[in-house]
Amino acid sequence: MVSTTKIKSVDFYRKIPRDLTEASLSGAGLSIVAALAMVFLFGMELSTYLAVTTNTSVIVDKSSDGDFLRIDFNVSFPSLSCEFASVDVSDVLGTNRLNLTKTIKKVPIDSHLRATGAEVHSTSGLDLINHGDEDHGNNTYASIPLTGATFDKFSHHFQILVVNFYAPWCYWSKRLKPSWEKAAEITRERYNPETDGRVLLGSVDCTEESTLCKRNHIQGYPSIRIFRKGSDLKDDHGHHEHESYYGDRDTESILKMVEELLKPIKKEDHKLALDGKTDNVISSIKKAPVSGGCRIVGYVRAKKVPGDIIISAHSGAHSFDASQMNMTHYVSHLSFGKLISERLLTDMKRLMPYLGLSHDRLNSRWFVNEGQFAANVTIEHYLQVVKTEVVSRRFGQEHSVIEEYEYTAHSSVAHGYYYPVAKFHFDLSPMQVLISENPKSFSHFITNVCAIIGGVFTVAGILDSIFQNTVRLVKKVELGKNI
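Here goes a summary of the coordinates provided.

What counts and how
- Residues numbered from 1 in each chain as written.
- Predicted model: local features only at pLDDT ≥ 70, side-chain atom pairs only at ≥ 80, totals over all residues.
- Heavy atoms only, no water.
- Helix = DSSP H or I, 4+ residues; strand = E, 2+ residues; numbered from the N terminus.
- Contact = heavy atoms within 4.5 Å.
- Areas by Shrake-Rupley, 256 points an atom, 1.4 Å probe, with all protein chains shown as cover.
- Expected span 1.5 Å × (residues − 1).
- Buried < 20%, exposed > 50% of the residue type's maximum accessible area, 1.4 Å probe, protein only.
- Patch = residues over 30% accessible without salt bridge, like charges linked within 9 Å, V, L, I, M, F, W, Y side chains within 5 Å.
- Salt bridge = Lys/Arg side-chain N within 4 Å of Asp/Glu carboxyl O.
- Core = buried A, V, L, I, M, F, W, Y, C linked by side-chain atoms within 4.5 Å.
- Pairing = 2+ DSSP bridges.
- Axes fitted to C-alpha atoms, helices over the stretch in contact; angles between N-to-C directions.
- Disulfide = S-S within 2.5 Å.

Our focus in this paragraph is the overall build of the chain. A tally of regular secondary structure across the chain gives eight helices and 18 strands. Contacts in the chain between residues far apart in sequence, at least 24 positions, make up 82% of those at least 6 positions apart. Element-wise, carbon and sulfur atoms account for 56% of the exposed surface of the chain, whose accessible area totals about 27500 Å².

Look at helix α2 (residues 25–50): 38 Å from first C-alpha to last across 26 residues, which is about the 38 Å you get at 1.5 Å a residue. Among all positions in α2, only Gly 27, Ala 34, Met 38 and Glu 45 are buried. Residues of α2 that are buried sit in contact with α8 (442–479).

With that settled, consider a nonpolar patch on the surface. Where nonpolar side chains cluster on the molecular surface, the patch consists of Val 459, Ile 462, Leu 463 and Ile 466 and spans about 360 Å² of accessible area. Within the element layout of this structure, Val 459 appears in helix α8. The exposure class assigned to Val 459 is partly exposed, which follows from its relative accessible area of 46%.

Next up on the list: the nonpolar core. Membership of the largest hydrophobic core comes to 37 residues, with the highest contact counts inside it found for Ile 296, Leu 334, Phe 336, Phe 424 and Phe 426. Listed by contribution, the elements that provide at least two residues to this core are β2 (68–77), β3 (85–91), β12 (293–303), β13 (307–313), β14 (329–336), β16 (377–394), β17 (397–415) and β18 (422–438). The biggest single contributor to this core is β2, with five residues. Beyond its immediate sequence surroundings of up to four residues, Phe 424 is in contact with Val 75, Gly 307, Asp 308, Ile 309, Ile 311, His 329, Val 331, Leu 334, Leu 362 and His 381. Ranked by size, the runner-up nonpolar core spans 21 residues in total, among them Val 162, Leu 201, Met 257 and Ile 265.

In this chain, Tyr 221 is followed by Pro 222 through a cis amide linkage whose omega measures -10°. Tracing the chain through its elements places Pro 222 in the loop between α5 (210–215) and β9 (223–228). Even without a glycine there, the phi angle at His 217 is positive, about 60°. Structurally, His 217 can be placed in the loop between α5 and β9.

What follows deals with the sheet that holds strand β6 (residues 144–145). If you trace the six strands from one edge of the open sheet to the other, you get β6-β8-β7-β9-β10-β11, paired in mixed fashion. The open sheet has two edge strands, β6 and β11 (285–287), and neither has a second partner. Pairing of strand β10 (residues 243–245) with β11 involves three bridges; the strand directions are antiparallel. Across the sheet, Glu 243 pairs through a bridge with Lys 287, a residue of β11. Strands β6, β7 (160–166), β8 (199–205) and β9 of the sheet are contacted by helix α4 (residues 171–190), whose axis makes an angle of about 150° with β8.

With that settled, the discussion passes to helix α6 (residues 251–262). Here α6 spans 17 Å end to end across 12 residues, near enough to the 16 Å set by a 1.5 Å rise per residue. Taken as a whole, α6 has its buried residues at Thr 251, Ser 253, Ile 254, Leu 255, Met 257, Val 258, Glu 260, Leu 261 and Leu 262.

Tallied over the full model, the rule gives two disulfides. Two residues share a disulfide in this structure: Cys 82 and Cys 294, whose sulfurs sit 2.1 Å from each other. The chirality of the disulfide connecting Cys 82 with Cys 294 is right-handed, given an S-S dihedral of about 100°. Of this pair, Cys 82 sits in the loop between β2 and β3 while Cys 294 sits in strand β12, and the two are 212 residues apart along the sequence. By the burial criterion, Cys 82 is buried, and Cys 294 matches it. Paired by a disulfide, Cys 206 and Cys 213 hold their sulfur atoms 2.0 Å apart. Residues Cys 206 and Cys 213 are joined by a disulfide whose S-S torsion is about -90°; by sign, that bridge is left-handed. Summarising the burial analysis for this pair, Cys 206 and Cys 213 share the class buried.

Following this line, the structure appears as structure tokens:
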């Protein structure tokens, strides 16, 4: 067996008996200073160890979120009705998706951006409306022409007032006219306005009665509105409340619609409450918008190539007057990629210098058509998008901490030959910004701590030795001794 004496022979820290050592005030003071220096340097090293250094580089985009990019938006249009508002997406590869509805929500708003009703669902099948293509061979006008002065009089007199808001130049209005006039003639014969008093078909020329059409939020021609006596004004909001007809426009369909409306109304009945609608009313009759604006909220998924999001008025059976269209809008929110929660950004304050600075450039901004009465004014936004990714390397592994898309935005107002639109043109960069977090290893931290303690201890010992030798040398000189 190895004796304890041999083991003691390898002791690097041999002890000197306390009786053979001598304490001094200078040594005590130097020890205190050394201890404070050790604590200070240890704190500095600990702070450096806990801090994460970052390296920024630009590399080819290696996104892990697939070939499609999510685009979230919340845009309000004070002068675009939800009845015709359409969201389209296209790109340079030829993809064209029109009137997206699955991920889009449309809410009617007033000029102050306040919601005035429930969500409006897009009307389908307008492209398939049957107009009958009738030609009755005469120019009779059986429908009653209504004006701003006579409209209220007729709407308060008849239980049902069905009005065709049209424009003489409109192609669809011209196609509707023969069927509408024939239906009005037959309706007057069946339900004499003087003796029956339940229903009347009228017409409003919006080129002549623009104020009346604006009051009823008419933006597309022709628009067939149904006004019920006693329910044309909603007391709590003060907005006109009526219905729109989106069914076929041939004579037979119009007459069927009138008959369905009259079913719950007796000839002797002269009152009809707001809730006096029955399930018998055909499904092509829907509540008309009570205000002329629309808030469009939702998201779309687009390919990661240059493309456009276009918001406009669209219908396969209506015409629009470009001179009356105003695409002024307010962008509440527009972002690309997954939304970064405020909580995540708060928890990761170290990322703030790199993130959250350019992902919402258009948020809370108005874009106004300054030439308010100019025709065909399109408001365009050019968005250049680049991805920023933060990667952390800990315990020898690399993982993505956060990903976001930032963009620059340039907006302009342009005159065109087509209907005005709001266009968001986006162009994704093939490169991405990579921010790498590089934490220091624990072994490096321990090595530095040992170096600090040993270094300070050694330097303090050297300084103490120099000081003691200097004191002894001074004393010898004073005693006149030779060295």
